[in-house]
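Examining the three-dimensional arrangement
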Amino acid sequence: MTILEAVKLHKSYGNKFNKQEVLKGIDLTIMQGEFVGIMGASGSGKTTLLNVLSSIDKVSEGMIKIENNEMTRMKEKKLAEFRKNHLGFIFQEYNLLDTLTVKENILLPLSITKTSKREADEKFEMLASQLGISEIKDKYPNEISGGQKQRTSAARAFIHEPSIIFADEPTGALDSKSASDLLKKLSDLNSQLKATIVMVTHDPVAASYCSRVIFIKDGQIYTQLNKGGQERQAFFKDIMKTQGVLGGVQNEH
């Protein structure tokens with residue numbers, strides 16, 4: 001089933017005298033349960049694409065549908081409601097509230113729904129166990145590591161069972177062990193919950209956990225790779241090769 005459909009997406013900044021076109025007519029379809037990576041050199045438009053797909057930013061032209069809801073036509077109030085109920089977000093900088101415990105941060109999206117305390121606790125226990133953060137549930141963000149913060153952030157994104165989760169460089173601030181721990185957990189949740197994840201990354205190791213990787217160049221889709229039945233290591237090599245052809249991506253940090 002198609003969960004996200006984007007047609008002829010254009011995004012420009014500036015005015016008619018000084019206009020910068022960042023997205024140049026992108027068409028994209030994402031199926032339910034996919035784990036999709038978006039890669040490209042700095043300035044290619046990958047983060048802008050994630051921002052417009054997730055409704056953080058508006059397109060200049062084009063249409064975006066998530067679960068047959070046309071977001072590009074929604075008024076701001078309805079869009080905010082849709083975002084709250086149907087979308088999950090994992091940011092590079094965690095975005096946790098320092099005054100709340102790990103558990104309270106994770107349960108935040110459910111506090112604005114009609115979820116019972118018992119159901120909320122059950123969902124929390126399941127996710128905290130899968131993400132390996134049960135033992136730190138009563139700690140505050142300043143008492144835990146970067147990897148634990150990002151896994152808390154991931155649990156918060158999954159807790160209300162959104163239609164789609166958008167992740168913006170989720171491993172960007174993590175060391176390699178914490179990054180691989182997080183990516184393995186995301187991959188497991190993607191399989192077990194059939195959760196749809198769209199992740200922007202510059203890291204080919206992170207991208208190798210995806211089921212499909214889309215490469216953006218100069219505001220357009222340059223090519224894409226499907227993992228299929230490949231082992232992750234083989235897929236990683238394919239990603240590296242494509243980056244080499246694309247040029248300039250390996251050195252971006």
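Our subject is the structure listed above.
Fair warning: this is a prediction, and the values are worked out from it, not measured in the lab.

Rules used in this analysis
- Residues numbered from 1 in each chain as written.
- Predicted model: local features only at pLDDT ≥ 70, side-chain atom pairs only at ≥ 80, totals over all residues.
- Heavy atoms only, no water.
- Core = buried A, V, L, I, M, F, W, Y, C linked by side-chain atoms within 4.5 Å.
- Buried < 20%, exposed > 50% of the residue type's maximum accessible area, 1.4 Å probe, protein only.
- Contact = heavy atoms within 4.5 Å.
- Helix = DSSP H or I, 4+ residues; strand = E, 2+ residues; numbered from the N terminus.
- Polar contact = N/O pair within 3.5 Å; in protein donor to acceptor, adjacent residues only side chain to side chain.
- Expected span 1.5 Å × (residues − 1).
- Arc of directions from axis to C-beta.

Points about the nonpolar core
Nonpolar side chains tend toward joint burial in soluble globular proteins. In terms of nonpolar packing, the biggest core is built from 43 residues, with F158, L186, V213 and I239 touching the most fellow members. Residues contacting F158, with those up to four places away along its chain left out, are L127, I165, L186, L189, L193, A195 and I197. Residues I38, L87, F166 and V198 belong to the second largest nonpolar core, which totals 28 residues.

Here's the deal with the environment of S208
Within the secondary structure layout, S208 lies in the loop between α7 (204-207) and β9 (212-217). Residue S208 is classed as buried on the basis of its relative accessible area, which comes to 0%. A sequence separation of 28 residues divides S208 from F236, and the C-alpha atoms of the two residues are 4.9 Å apart. When near neighbours in sequence (up to four residues on either side) are disregarded, S208 contacts K227, R232, F235, F236 and I239. Looking at S208, its side chain comes within polar contact range of the main-chain oxygen of V205, at 2.6 Å.

Overview of helix α4 (residues 117-130)
Helical geometry: 3.6 residues make up each α-helical turn, so side chains three or four residues apart lie on a common side. Given a rise of 1.5 Å per residue, 14 residues ought to cover 20 Å, and the 20 Å separating the end C-alpha atoms of α4 matches this to within 8%. Those residues of α4 that fall on the buried side of the exposure criterion are A120, D121, K123, F124, L127 and A128. Angularly, the buried residues of α4 cover 165° about the axis, an arc narrow enough to put them on a single face. Of the exposed residues in α4, the ones pointing more than 90 degrees away from its buried face are R118 and S129. Of the surrounding elements, those touching the buried residues of α4 are α3 (102-107), α5 (146-158) and α6 (176-193). Once α4 finishes, G132 follows within two positions and takes phi at roughly 70°, a positive value.

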